[in-house]
Amino acid sequence: MELPLTLEHYQRTFGGVYFPVILDSIFIAFLTTVVCLIIGYPLAFFIATRTNKRAQQIALFLVILPFWTNFLVRTYAWQIILGEEGTINTLLMNLRLIQEPLQLLYTDGAVILGLVYGYLPFMVLPIYSSVEQFQFRLVEAGHDLGANDLKVFLRVVLPLTLPGVLAGCILVFIPTIGAFVTPDLLGGTQGLMIGNLIQRQFRGTSGNFPLGSAISAVMMGLVLFSLYVQSGGLSKLLARINAFIKARRPVPAAVTANPAVAARTYRQITTTRTITLDQGQIQRDMLVRRIGKIGLWANPVFNYFFLWAPILLLVLFSFNDSRSVSVFQGFTLRWYQNIFAGAVGGDATFSTDLMLTSLRNSIFIGLAATTIATVLGTMVALSLVRGNFRGKGLIDSILYLPVVIPEITQAISLLTFFSLVFNFISRVSGGALQPSFGFGTIIIGHVVFNISYVTIVVRARLADMNPRLEEAARDLGANEWRTFWRVTFPLILPGIISGALLAFTLSLDDFVVTFFVSGPGTTALPVFVYGLLRLTVTPEINAISTLMLVVSTLLISISMLLQGRDAAKA
């Protein structure tokens, strides 16, 4: 940092070429949120209203599993679908609906499609939670009072599930406004967003840290405003304005001066009126109900196809006996054999040795970060559930920050922090010590965001555990240490294992934080795959991506299975 301080970088942010990109990012994030809400609300309603618990768990699992698989790979799958020789263009040309390929890739539409695909589960899960707690007797009451299905939804169901809707909108809007990978892979130079501007300032050839920090501060301002709206700050402000307006509105003198007039007015308002049945209105209500039933069943079919088709298509083309990524010409295992045998040919430009090295780096980073995050996360969970200390509420709030803020914000914060620390150490040591980015910075970065996830999982298990078991152990003479190892630890072990598996999966799949805080010789597998995608698309990449998906799916399935068994026992 150099004095004097200046606002020059904020002036550049709000002027020139940067401000239109910020406005476009807000628009894209808003449109993505709206689309996720429109298609996600019926899906959440469908899942929550399944009476068979087994069917409900399967329906929810089919939404959650794609969300936890590798985000970079799932985004790349859309390149196969939207490319000039992709699935959609090939299908349309074979049907003779078009004469030449459509420009589907590297457009704003492709970016929005990719963002909706990536963040749809963020919308579904909180709405599902609200709908699951909804008392459907209120719907029957609304019908008994003469309201049709549309009015019941708008006046009863929607208001009571609004907290889930608001939470879903925030969980979609915040990460999409700072998206970096999706605009880069699907938008190219035509789909720039704030995240891409920040990436160019911090990791580009002509980077500008102060300008990147200013753009990041603007993005964080948008994030904080979104959180303020979600917390009810804006609604409280509007309510106060409305109350102020009502307070200044004159009340009729006849009502205030004569109690008899006021009583008669009340009786006129509350008098029950006869409801007349209009045959046309009844037919319209029946039509609305039929459309609603069809939509409620068609929507899940569309959403599950939307979530799983790119993944299944990617897996299918990893076995394609051709280098084409659009036409399946037979089954083969040679791309997998090429990966492990080192015989990469054609237009491929990567070394199998480098790929295996990056895989070893990812496993080492994942194991180290998971071990540290699991220990620290378990300790934080124990202190929050069992402890009672000053600042507990603040720590509880900070805990969720890595979950809700854009990942690129975490990445550049870590990059800036490490740069300042390294410069300080170098100056203090007179240049004798020259710390640099490497495995240590990557592991610390992964621990920072993994602690929150481990804490949330272990905390949920601790909250379900009966504290009287620990009290009984102490009554029998066990000290705090023995009580923990003999009673508490065995009971929360499934939660700890689930949190560790989740942390390991997130660490293996992480790209953004790893990309910003890695150094020479520490390339992880997601960064390696990203570099390949920037150069060329080959069947070997499909095979690598499929293996990454299989590992992620396996780990997440085990974690969810452990949590499901734990919940069943509870």
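Each value, and the rule that gives it
- Residues numbered from 1 in each chain as written.
- Predicted model: local features only at pLDDT ≥ 70, side-chain atom pairs only at ≥ 80, totals over all residues.
- Heavy atoms only, no water.
- Helix = DSSP H or I, 4+ residues; strand = E, 2+ residues; numbered from the N terminus.
- Buried < 20%, exposed > 50% of the residue type's maximum accessible area, 1.4 Å probe, protein only.
- Contact = heavy atoms within 4.5 Å.
- Areas by Shrake-Rupley, 256 points an atom, 1.4 Å probe, with all protein chains shown as cover.
- Salt bridge = Lys/Arg side-chain N within 4 Å of Asp/Glu carboxyl O.
- Phe/Tyr/Trp six-rings, centres within 6.5 Å; stacked < 30°, edge-to-face > 60°.
- Lys NZ or Arg CZ within 6 Å of the ring centre and 35° of its normal.
- Disulfide = S-S within 2.5 Å.
- Patch = residues over 30% accessible without salt bridge, like charges linked within 9 Å, V, L, I, M, F, W, Y side chains within 5 Å.
- Expected span 1.5 Å × (residues − 1).
- Bend = angle between axes of the 7 residues up to and from the residue.
- Core = buried A, V, L, I, M, F, W, Y, C linked by side-chain atoms within 4.5 Å.
- Axes fitted to C-alpha atoms, helices over the stretch in contact; angles between N-to-C directions.
- Parallel < 35°, antiparallel > 145°, perpendicular 65-115°, else oblique.
- Left-handed = near helix turned anticlockwise from the far one by under 90°.
- Nonpolar A, V, L, I, M, F, W, Y, C, P; charged D, E, K, R; others polar.
- pLDDT = per-residue confidence, 0-100.

A. Spotlight on the overall build of the protein. Summing up its helical and strand segments, the protein has 27 helices and zero strands in all. Going through the 570 residues of the protein one by one, you find that 44% of them count as buried. Relative to all contacts within the protein whose residues are 6 or more apart in sequence, the contacts with residues 24 or more apart total 75%. About 30,600 Å² of surface is accessible on the protein, with carbon and sulfur atoms providing 65% of the total.

B. Fine view of the pattern of salt bridges. Applying the stated criterion across every chain yields a total of three salt bridges. For Asp321, the salt bridge identified is with Arg334, shortest N-O distance 3.2 Å. You can see Asp321 sitting in the loop between α16 (279-317) and α17 (334-341) and its partner Arg334 sitting in helix α17, a full 13 residues away along the chain. Since its relative accessible area comes to 35%, Asp321 is described here as partly exposed. Classification of Arg334 as partly exposed rests on a relative accessible area of 34%. With its nearest N and O atoms 3.6 Å apart, the salt bridge here joins Arg474 to Glu480. Arg474 sits in the partly exposed class, given a relative accessible area of 35%. Judged by its relative accessible area of 55%, Glu480 falls in the exposed class.

C. Looking closely at unusual backbone geometry. The residue Arg96 is not glycine, and still its phi comes out positive at about 60 degrees. Position of Arg96 relative to the elements: it lies in the loop between α5 (87-94) and α6 (108-132). Unusually for a residue other than glycine, Tyr106 sits at a positive phi of about 60 degrees. With relative accessibility at 39%, the residue Tyr106 sits in the partly exposed group.

D. View of the packing of aromatic side chains. On inspection of all chains with the given rule, the structure shows 32 aromatic pairs. Ring geometry for Phe422 versus Phe437: centroids 5.3 Å apart, planes at 75 degrees, classification edge-to-face. In this pair, Phe422 sits in helix α21 (residues 407-428) while Phe437 sits in the loop between α21 and α22 (439-464), placing the two residues 15 residues apart along the sequence. Grouping aromatic residues by their ring pairs yields a cluster made of Tyr41, Phe45, Phe134, Phe136 and Phe153. If you follow Arg50 out to its NZ or CZ, it ends over the ring of Phe46, 4.1 Å from the centre.

E. Structural detail: the state of the cysteines. By the definition in use, this model includes zero disulfides. Looking at Cys36, it has no disulfide partner, and the nearest cysteine sulfur is the one in Cys169, 9.0 Å off. The exposure class assigned to Cys36 is buried, which follows from its relative accessible area of 0%. Owing to a relative accessible area of 19%, Cys169 belongs among the buried residues under this scheme.

F. Up close: a nonpolar patch on the surface. Taken together, the side chains of Leu316, Phe328, Phe331 and Leu333 present a nonpolar region at the surface, about 390 Å² in accessible area. By the element assignment, Leu333 lies in the loop between α16 and α17. Among the residues examined, Leu333 registers a relative accessible area of 41% and is labelled partly exposed.

G. Highlighting α22. End to end, α22 covers 37 Å across 26 residues, agreeing with the expected 38 Å (1.5 Å per residue, within 8%). Of all the bends found along α22, the most pronounced is centred on Asn450 and spans about 35 degrees.

H. Fine view of the environment of Ala217. Mapped onto the secondary structure, Ala217 falls in helix α12 (residues 209-230). A relative accessible area of 35% means that Ala217 is categorised as partly exposed. Residues Ala217 and Thr409, 192 residues apart in the sequence, show an inter-C-alpha distance of 9.2 Å.

I. The arrangement of the nonpolar core in detail. Grouped together as the largest cluster of nonpolar side chains are 118 residues, with contacts concentrated most on Ile47 and Phe516. Not counting chain neighbours up to four residues away, the residues in contact with Ile47 comprise Gln56, Ala59, Leu60, Val63, Val124, Tyr128 and Tyr304. The next biggest cluster of nonpolar side chains, apart from the first, holds eight residues, and it includes Val454, Ile492, Ile496 and Ala503.

J. Here's a closer look at the packing of helix α4 (residues 71-82) against α6. Their axes nearest at 10 Å, the elements α4 and α6 cross at an angle of 140 degrees. The angle between α4 and α6 places the two elements in the oblique class. Remark: the crossing between α4 and α6 carries right-handed chirality. Taken together, the residues of α6 that come into contact with α4 (itself represented by Phe71, Arg74, Trp78 and Leu82) are Ala110, Leu113, Tyr117, Gly118 and Tyr119. When grouped by side-chain class, the residues that make up the contact of α4 with α6 number seven nonpolar, one polar and one charged.

K. View of the environment of Leu367. Relative to the helices and strands, Leu367 resides in helix α18 (residues 352-386). Leu367 gets classed as partly exposed once you look at its relative accessible area, which sits at 49%.

L. Structural context of the side chain of Ser545. Position of Ser545 relative to the elements: it lies in helix α27 (residues 539-569). Aside from chain neighbours lying at most four places away, what touches Ser545 is Val73, Tyr76 and Leu314.

M. Inspection of the side chain of Thr32 at higher detail. Note that Thr32 resides in helix α2 (residues 18-48). When near neighbours in sequence (up to four residues on either side) are disregarded, Thr32 contacts Ile112, Leu115, Val116, Val172 and Thr176.

N. Region of interest: the confidence of the model for the protein. Chain-level statistics for the protein give a pLDDT mean of 82 and a share of 84% at 70 or above. For residues 343-349, every residue scores under 50 in pLDDT, and the model assigns this stretch 14 contacts once sequence neighbours within four places are set aside.

O. Structural detail: the environment of Ile64. Residue placement: Ile64 occurs in helix α3 (residues 53-68). Residue classification places Ile64 among the buried positions, given a relative accessible area of 14%. Considered as a pair, Ile64 and Phe122 are 58 residues apart in the sequence and their alpha carbons are 9.3 Å apart. Among residues more than four places away in sequence, those in contact with Ile64 are Leu125 and Met560.

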